[in-house]
Structure formats: structure tokens, C-alpha cells
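Architecture at a glance
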Amino acid sequence: MIRNLAKENLIALVFVAPFVALFGLLFIYPTIAMFITSFTDAPLIGAGKWVGIANYVRLASDAKFGLALWNTGYFVLLSVIPGTFVALLVAVGVSRLSGWTQAIVLALFFLPYILPVSVVYRLWDWVLNFQFGLAMHVLDALWIPRVPVFKTITWFMPAVAVVTIWWTAGFSFLLFLAGLRAIPPEIYEAAALDNSNGWTTFRKITWPLLWPVTALVLTIQLILQLKIFDQVYLFSVGGRPNDTMVMVQYIYVKALVNNQGGQAAAIAVSLFVIVIAISVFQFLLLRLAGGDDSK
Amino acid sequence: MTYANLQRWNLAGGLVTVLTVLVAVIWAFPLYWGVITSLKPEDEVVRPVLEFWPEHFTFENYISAITRTQIGRWYINSLIVAGSVTLITVFTCLLCGYAISQLKFPGRRILWGLILASFMVPTQTLIINYFELMASFGLLNTLPGIILPQLINPVIIIVYKQFFDSVPKDFREAAVMDNASEWRIFYKVFMPMNWGVTAALSIVCFIWTWNAFLWPFLAVSHAEMMTVPVGITQVNDSFGISYAHRLAAAVLAGLPVAVTYLIFQRRVTQAITLSAGIKG
């Protein structure tokens, strides 16, 4: 038996070793290194002197950091709940269809999610183009004056949020669709027998039964959008990147543009802590609400 | 339900259906608009009126996108990067997920706990230290430098572990009774049943990696080492702004993933729902 145990461990080691090696080198090590770097005055590449919490103290009075924090929060506000709402509406509509109509409509809604962000950027940069954009013709038809969307501070975040919803709603939409399919049809049949109308059925049956999926979608979206970088960066080129800066973008600017690795790491740790805190908080919330303990 | 009620219900339902189809068409319209613009000659593109169909079809923009940029090179880079990341990630996660689920070894629970915790960590915050690490290996501006930091994808190992957990214990016990070795059990009993999951995870892993922007954008500054999504936004062509040309390059960048999705729709849907912890 003892020999067997040793052999079993050896086999297990062979199975886990490739993953564990990569995990240690590319995940555990960089995570620890990030915390250490944040307490030094290191440049982007190379070691620095230990400076204690100086980088964090500096952040507290850094107006740009405050702005990045604010912009990130503003973007989350504009994208998470509206995006979830849109995905839910679309899923309810699509779930009523059947056969090839459903297959085509599903593909039309999901296709944007599958595209690289730079393609999404090119498409919407063209649709919202000040001179020739499709959207500007719509504004003309509505007698609304044209705006250079991505060069106007007030329009920048809302426009990026709309583009982001268009791009990522497909993911949430699929989850809602799976959730809707999991609701047994007998419940709807019983409701129909009771003369329940469409809205009442949705409010009393669909919405409560779908709530776990809604909570999941909201959480995934919240954590995803806090890490926003790509779209904001791409659309801000040629605009006013200093005014529309978000957290990850500020890490990038501090590290790669200003060559201040230590200060960039302090920003990274702040975002890290925010995301982890929210993840833990929602996990506890779901546990308290008596979510499934099966996993 | 009275007849009148039923009729009203049908009418409302029909309205919702029509509305859904209409919204779907509007939703996908920017895609159509981008493709159709890329097929117009530049002078038609910049006309002040809307034209939903080109007067003259042309592939000129595609030809110039291919000949005037290094998109061919970027395609090869993207294929190598997405292919290697998919292969290595899926293979290592498959083995490790299997071991955590089916084998007993010291440190198993700690490893699983770390993996679950890593799921919460925003990898975007690790870019500084990825940069430093890759620089110390001398891998900046190389394909391995783009590949390495993308190899950690906790979702994939979590899906595998949960998949193997759901396999009834009898399979393993029967094989152990037959005196099959651990390798044989893995290879003959467990592998054949996970091809579906493996296919689904590989397809989305490929799509996710093909689409990745942040790290490939940071790791590379030489045009010839870029991936397609980075290249089409970072390299400006020699002859100024040409909207049709840019859109042609964008269509070329999106085409491989769009086609992959359209071919493997059901697998992609399955993988997306599995990745969110919903049984697909």
C-alpha cells in the first residue's frame, strides 16, 4: 500500500506539474511581485529603493488617480445595469421565437461579442464619424445637431458605454437564454390556465426564477467593466485621453509612458483590492441569500 | 381563457416577435454597414448622402489592405499565438483539472483553493510585472513573449474540474477493479467522454486569444511582431485616412473568429454557459 501511495503521488505530480509550473511563474510570482513593487520607487524595468507607503500616500492626493477612479466608476454605472437590462429584454424576445428564425436572430445578437475590440472600435468610429457617420444622418433626421462624439468629454463615456453594451451584451444574453430555457414549461401552462397575462407572468414567474442568473450576470459585468481599458484607450486616441482616463489606462500610462513602475504598481494594487473586495462581497451575499451550495 | 382574450394575447405576442426581429436587424446593422462600406470605392464612401448599396463593387480596399500593410504577417502571428495558447492552456488545464478531481495527492485542496481565488484576480493589474518578467527573459517583441502571460485562464481548469466531478464514481471503480493503470484509466475511460467539452473550450479559448488586445498591445512595439487586432489599430497606412481601407482591414481581422463562431455556434454557446457556471 505504501508503495502504491508513493506511486499515486508521482502520477498526480506528472498530471499537475505543467499547470502548476505555469501558474507559479505567470500568476503567483507576478501577483506577489506587484505588491512588492508598489512599495518601491522602481522604474518599469529594474529594481528600486524601498519607499514604504510613499506611493500610496502620493495616490491619495493625486488628482489624476481620483479622476481615473471616478471615470471607471462612471463607466461601470453606465454599462453594467443598462447592459444587463438590454440582454434580458433581448433574451426574453428571442426565447419566444423558434426554429431557424431563432437561430438567425440569436446569431445577429451574439455576433458582435465574438469580434476583436479593435474591429468593434473601427466599426463604431465609422458609424459615429462626424462627417460621414451613419449615426449623424440619424441625428440630422431628428433635427439634433451633430456632435464629434469621442472628442466631447460629456459624450465620450456614454458613447463608449453604448458601444461596450453592443459588443458584450451577447455574453449576458446567452446566459439569460440558458436561464429562461431552464424554467419548466409546466409553470407557464399553469399560469395560462389561471388567466395570467403576459406582464403578470413575467413579474411573478420569469423574473423571480431568473434572479440567480441576473445576479450572476450583474456580478460578471461589474467585475469585467471595472477592468475596462481597450475601448476607452482606442477611442481616446486623437481625443482627450487625460480627461477620459480609466484605472487600467492610468497603470499603463504610469508604467509604460512615464516609466514609474512603483507608482503604477500602487495603482494596480488599488484596483486589485477593489475587484477582490467586490468579488468576496458578492460571494458572501449569495451565500447569505442561500444560493446553491452544491459546488 | 375566452376567445377575445386569446386573440389579444396572440396579438401582443406577435408584436413582441416582430419587435425582436426588428431590433435584431438594427443591432446587426453596424456590421452590415462596415462590410458594405469596405466594398465601396473611396469616393462613394465620402459622399454626403446615405447609400445602403454600393454603386460599384470593389475589392480594391482589401487588396490595398493586404499589400500596403503587414496584415499577412499579423495573420501568421495571430494564428501562432492563438494556436499555441489554446493548445497549451487546454492541455495543461485538462491534466490538472483531472488530477484535482480524480486523484488524491497532498496539497490538492490548497491548489484548488488557489485556482478558485485566482479566478477573482484581475490579470490587467499584473501587466507591469508581466512586462518586467518578459523583459528579463528577453522576450519582449517576440511571439513567446505575447504567448506566455496569456497561458493562465482559470475558467478552463474550473470547467474541467467540474466536468470530471460530475462523472459517476462507478466508471473509475470498474476500471480499478480491472487492474487498469492510472494512465489507462485517464486515456481509455475519461478522455473519450470529454471530447465535447474539450472541443468547446478550445474553440472559445482560440477566439478569446485571437481577440486579446491589452497584453499583445503592450508586449510588442515592432510592427512585424504584432497580432491582427493590434496591428490594424496601431499601424497607419502610407496614404492617410481611408475609411474604406481601414474597414477592409477590420473585416479581415474579424473574419476568422466570425467564421469560427458561425461554424461552431452550438459549441461556442455551450462553452460560454459552462464558463459562467451554468450547465449548458
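Cut-offs applied
- Residues numbered from 1 in each chain as written.
- Chains lettered and ligands numbered in written order.
- Predicted model: local features only at pLDDT ≥ 70, side-chain atom pairs only at ≥ 80, totals over all residues.
- Helix = DSSP H or I, 4+ residues; strand = E, 2+ residues; numbered from the N terminus.
- Rg over C-alpha atoms; globule rule 2.2 N^0.38 Å.
- Buried ≥ 20, exposed ≤ 12 C-beta atoms within 10 Å, placed from the backbone.
- Contact = placed C-beta atoms within 7 Å.
- Nonpolar A, V, L, I, M, F, W, Y, C, P; charged D, E, K, R; others polar.
- Domains from an automatic or database assignment.
- Axes fitted to C-alpha atoms, helices over the stretch in contact; angles between N-to-C directions.
- Parallel < 35°, antiparallel > 145°, perpendicular 65-115°, else oblique.
- pLDDT = per-residue confidence, 0-100.
- Core = buried A, V, L, I, M, F, W, Y, C linked by C-beta atoms within 7 Å.
- Expected span 1.5 Å × (residues − 1).
- Bend = angle between axes of the 7 residues up to and from the residue.

1. Structural notes on the overall build of chain A
What chain A contains, in helices and strands, is 12 helices and 0 strands. Moving toward the C terminus, one meets the helices and strands of chain A in the order α-α-α-α-α-α-α-α-α-α-α-α. Whereas a compact globule of 295 residues would reach a radius of gyration of roughly 19 Å, chain A reaches 24 Å, over 25% beyond that. C-alpha extents for chain A along the principal axes are approximately 75 × 75 × 35 Å. Taking all 295 residues of chain A together, 42% fall into the buried category.

2. A short note on the overall build of chain B
From N to C terminus, chain B includes 15 helices and 0 strands. A compact globule built from 280 residues would reach a C-alpha radius of gyration of about 19 Å, whereas chain B, at 25 Å, exceeds it by more than 25%. Looking at chain B residue by residue over its 280 residues, the buried ones come to 41%. When contacts within chain B are restricted to residue pairs at least 6 apart in sequence, long-range pairs at least 24 apart make up 77% of them.

3. Some thoughts on the environment of Phe132(A)
Along the chain, the position of Phe132(A) falls in the loop between α5 (117-127) and α6 (134-141). Expressed as a C-alpha distance, the spacing of Phe132(A) and Phe27(A), which sit 105 residues apart in the sequence, is 46 Å. If sequence neighbours within four positions are ignored, Phe132(A) has contacts with Val45(B) and Val46(B).

4. Focus: the interface of chain A and chain B
Counting residues at the interface gives 69 residues for chain A and 76 residues for chain B. Broken down by element, the side of chain A that touches chain B gets its largest block of residues, 17 residues, from helix α1 (residues 2-37) of chain A. In terms of residue class, the side of chain A that touches chain B is made up of 54 nonpolar, 10 polar and 5 charged.

5. With respect to the domain arrangement of chain B
The parts lose accessible area when they come together, and the size of an interface is often stated as this lost area. All names here are of chain B. Once the domains are mapped, chain B shows domain 1 (3-61) and domain 2 (67-275). Taking only C-alpha atoms, the centre of domain 1 and the centre of domain 2 are 34 Å apart. Between domain 1 and domain 2, the contact holds 8 residues from the first and 8 residues from the second. Contributions of two or more residues to the side of domain 1 that touches domain 2 are made by α1 (3-38) and α2 (42-45). Sorting elements by how many residues they give to the side of domain 1 that touches domain 2 places α1 first, with 4 residues. The residue makeup of the side of domain 1 that touches domain 2, split by class, is 2 nonpolar, 4 polar and 2 charged.

6. Side note on the packing of helix α3 (residues 60-68) of chain B against helix α14 (residues 243-263) of chain B
Residues and elements named next belong to chain B. Put simply, α3 and α14 touch, their axes get as near as 8 Å, and they point 75 degrees apart. Classified by the angle their axes make, α3 and α14 are roughly perpendicular. Residues Asn-61, Tyr-62, Ser-64 and Ala-65 of α3 form the contact with α14, whose own contacting residues are Ala-244, His-245, Ala-248, Ala-249 and Leu-252. A class-by-class count of the residues in the contact of α3 with α14 yields 6 nonpolar, 3 polar and no charged.

7. Some words on the confidence of the model for chain B
Of all residues in chain B, 94% have pLDDT values of 70 or greater, and the mean over the chain is 89. The complex model carries a pTM of 0.92, and its ipTM stands at 0.91.

8. Digging into the environment of Val189(B)
Residues and elements named next belong to chain B. Tracing the backbone through its elements, the reader meets Val-189 in helix α10 (residues 182-190). Along the primary structure Val-189 and Pro-168 are separated by 21 residues, whereas in three dimensions their C-alpha atoms are 12 Å apart. Non-local contacts of Val-189, meaning those with residues more than four positions away in its chain, are made with Phe-171 and Ala-175.

9. What about the nonpolar core?
Counting 159 residues, the largest nonpolar core has Phe109(A), Phe173(A), Ile251(A), Ile267(A), Ala268(A) and Val204(B) as its most contacted members. The leading source of residues in this core is helix α7 (residues 153-181) of chain A, at 18 residues. Composition of this core by domain shows at least three residues from each of domain 1 (3-61) and domain 2 (67-275) of chain B. Not counting residues within four places of it along the chain, the set of residues in contact with Ile251(A) comprises Ala264(A), Ile267(A), Ala268(A), Thr125(B), Ile127(B) and Ile128(B).

10. Some details on α14(B)
Look at α14(B): 29 Å from first C-alpha to last across 21 residues, which is about the 30 Å you get at 1.5 Å a residue. Considering bend angle alone, the principal kink of α14(B) is centred on Leu255(B) and spans about 40 degrees; proline Pro256(B) follows within four residues of it.

11. A word on unusual backbone geometry
You will see that Asn259(A), though not glycine, has its phi angle at about 60 degrees, which is positive. Following the sequence through the fold, Asn259(A) ends up in the loop between α11 (247-257) and α12 (261-288). Positive phi values are uncommon outside glycine, yet Asn141(B) reaches one of about 60 degrees. By the secondary structure assignment, Asn141(B) is in the loop between α6 (127-136) and α7 (143-147).

12. What to know about α7(A)
Residues and elements named next belong to chain A. Between its first and last C-alpha atoms α7 spans 42 Å; for 29 residues at 1.5 Å apiece the expected length is 42 Å, and the two agree. Largest kink in α7: about 45 degrees, centred on Thr-168. Burial analysis of α7 places 23 of its 29 residues in the buried class, which makes it a mostly covered element.

13. A closer look at the environment of Val257(B)
Note on placement: Val257(B) falls in helix α14. Separated by 166 residues in sequence, Val257(B) and Phe91(B) have C-alpha atoms that sit 21 Å apart. Discounting residues that sit within four places of it in the chain, Val257(B) has contacts with Ile114(A), Leu115(A), Pro116(A), Ile207(B), Trp210(B) and Asn211(B).

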